[in-house]
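Understanding the architecture of this molecule
Given next are the chains, with one letter for each unit.
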Amino acid sequence: MRLRSISLFLLILALSGIALPILSGQIHPKEALGRKIFDSFRQNKFSDFYLRSIFSLEEEQFRDLLFNLENFELRQKLRQFYTLNYPTTAKTPLDRWKIAFAHTWRDQWRHIAKNSPKMIQREAFDPILREAKGYGVQWETTRLLAIEIPLSVHWKNNRFIVTGDSMIDHNATQPKTLFFERGLSYRLQLDHSTHGKPLMIGYSPEDSQKVYNQNILGNGSGQADMLFRFDNPFPDRLFYFCPDKSSAGGPILIKDFNETTKPNQRTDILLTFSFGQPERAYQILVREVLSTPWGEIFCERPQWIGEVPLPRGLNFSR
């Protein structure tokens, strides 16, 4: 993670007047989850933390979530555990999925169920508190600055590869389609492989004269991160591309969080908060967040990133 770019872009964001997430009222469920996880650390309430984890699901909830998850990559990963030959009657992908699921889901559940609440607290909750204590953080006086969805961007085979999951039916959307949701702040983190290949978002597939400029920073700069947020009444469809290389991108579909015509993507949530006088900034990464019928949950232990350069001049709502 490039810490200097975080400070730079948050500062530019504040000075440019671009809308920032308001951490009160009705907000996107993933932003709400970020707030709840942060508050669980601030208030030292492990029960709140645990209830937002996949380990809190009941067996039937886990089974239903796994079977109905609109996520091609996860389904393919689970199908790898089925090593038998499919019967000749299994003619469609759904037929084969039902068979593979019936044979494998309980093994996945046993893996989840063996993690007791005490184990989750010891291995996922307490380490964050210990790390923060090592920095002298006093949680009651911390201030949550930002909730973002970080996505890595890599250049491979003459095109951009952006972190994300896809629809089970690949014919449902065009190849290379990216899905974003309204009401979330995204941070595209371009790695070293993209050097000299700027990523641009616009209204047309390959036209740099039709660049998209609302609530977006670093668009086409080719340096550091690109930060953006889609809120109403922003468009439903845009495009990402490289102005210097053809066929390097694809469509962007922008959805509301409750729409079903999109993949149920695994996303990380980056929490940036401050503490102390003078203030210092710190970050926690909440990993592998999924949407479920029972609310947003995280599936991997959060990661303490530590101190980052303090973004000066910000005015966030608490």
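Let us look at the structure shown here. Bear in mind the structure is a predicted one, so any value in this text is a computation, not a measurement. (Residues numbered from 1 in each chain as written. Predicted model: local features only at pLDDT ≥ 70, side-chain atom pairs only at ≥ 80, totals over all residues. Heavy atoms only, no water.)

1. Re the pattern of salt bridges
- In this structure the tally under the stated criterion is 18 salt bridges.
- One salt bridge in this structure joins Glu 148 and Arg 187, with 2.8 Å as the shortest N-O distance. Of the two residues, Glu 148 is situated in strand S1 (residues 143–156) and Arg 187 in strand S4 (residues 185–190); the sequence distance between them amounts to 39 residues.
- A salt bridge links Arg 229 to Asp 231, with the nearest nitrogen and oxygen atoms 3.1 Å apart.
- Owing to a relative accessible area of 9%, Arg 229 belongs among the buried residues under this scheme. (Salt bridge = Lys/Arg side-chain N within 4 Å of Asp/Glu carboxyl O. Helix = DSSP H or I, 4+ residues; strand = E, 2+ residues; numbered from the N terminus. Buried < 20%, exposed > 50% of the residue type's maximum accessible area, 1.4 Å probe, protein only.)

2. Topic: the pairing of S1
- Judged by how many residues are buried, S1 sits mostly within the fold: eleven of 14 residues are covered.
- For S1 and strand S10 (residues 267–275), the ladder comprises five bridges, and the chain directions are antiparallel. Opposite Ile 147, over in S10, you have Leu 271 as the bridge partner.
- Two strands pair when backbone bridges link them, and S1 and S4 are joined in this way by five bridges, in the parallel orientation. Looking at the pairing, Ser 152 lines up with Gln 189 of S4.
- Once S1 ends, the chain turns through two residues before running back antiparallel as strand S2 (residues 159–162), passing Asn 157 with a positive phi of about 55 degrees. (Pairing = 2+ DSSP bridges.)

3. With respect to the packing of helix H5 (residues 72–79) against helix H6 (residues 93–113)
- In the contact formed by H5 and H6, the axes pass within 9 Å of each other and the chain directions differ by 70 degrees. Taken together, the axis directions place H5 and H6 in an arrangement best described as roughly perpendicular. Remark: the crossing between H5 and H6 carries left-handed chirality. Between H5 and H6, the residues in contact are Arg 75, Leu 78 and Arg 79 and Pro 93, Leu 94, Arg 96, Trp 97, Ala 100, Thr 104 and Gln 108, respectively.
- Its residues assigned to classes, the contact of H5 with H6 shows five nonpolar, two polar and three charged. (Axes fitted to C-alpha atoms, helices over the stretch in contact; angles between N-to-C directions. Parallel < 35°, antiparallel > 145°, perpendicular 65-115°, else oblique. Left-handed = near helix turned anticlockwise from the far one by under 90°. Contact = heavy atoms within 4.5 Å. Nonpolar A, V, L, I, M, F, W, Y, C, P; charged D, E, K, R; others polar.)

4. Some points on the sheet that holds strand S3 (residues 178–181)
- Taken in spatial order, the four strands of this open sheet run S3-S9-S8-S5, and their pairing is mixed. The strands lining the two open edges of the sheet, one partner per strand, are S3 and strand S5 (200–202). The sheet shows a mean angle of 30 degrees between the axes of neighbouring strands, taken without regard to direction.

5. Examining the pairing of S10
- Where burial is concerned, most of S10 is hidden: eight out of the nine residues are buried.
- Linking two consecutive strands that pair antiparallel, namely S10 and strand S11 (residues 280–292), is a turn of four residues; a positive phi of about 95 degrees is found at Gly 276 within it.

6. Overview of unusual backbone geometry
- A cis geometry characterises the amide bond from Gln 277 onward to Pro 278, with omega recorded as 0 degrees.
- For Pro 278, the location among the structural elements is in the loop between S10 and S11.
- For Asn 44, which is not a glycine, the phi torsion comes out positive at approximately 55 degrees.
- Inspection of the secondary structure puts Asn 44 in the loop between helix H2 (29–42) and helix H3 (46–51).
- Its identity as a non-glycine residue notwithstanding, Asn 157 has a phi of 55 degrees, on the positive side.
- Tracing the backbone through its elements, the reader meets Asn 157 in the loop between S1 and S2.
- Given a relative accessible area of 67%, Asn 157 falls into the exposed group.

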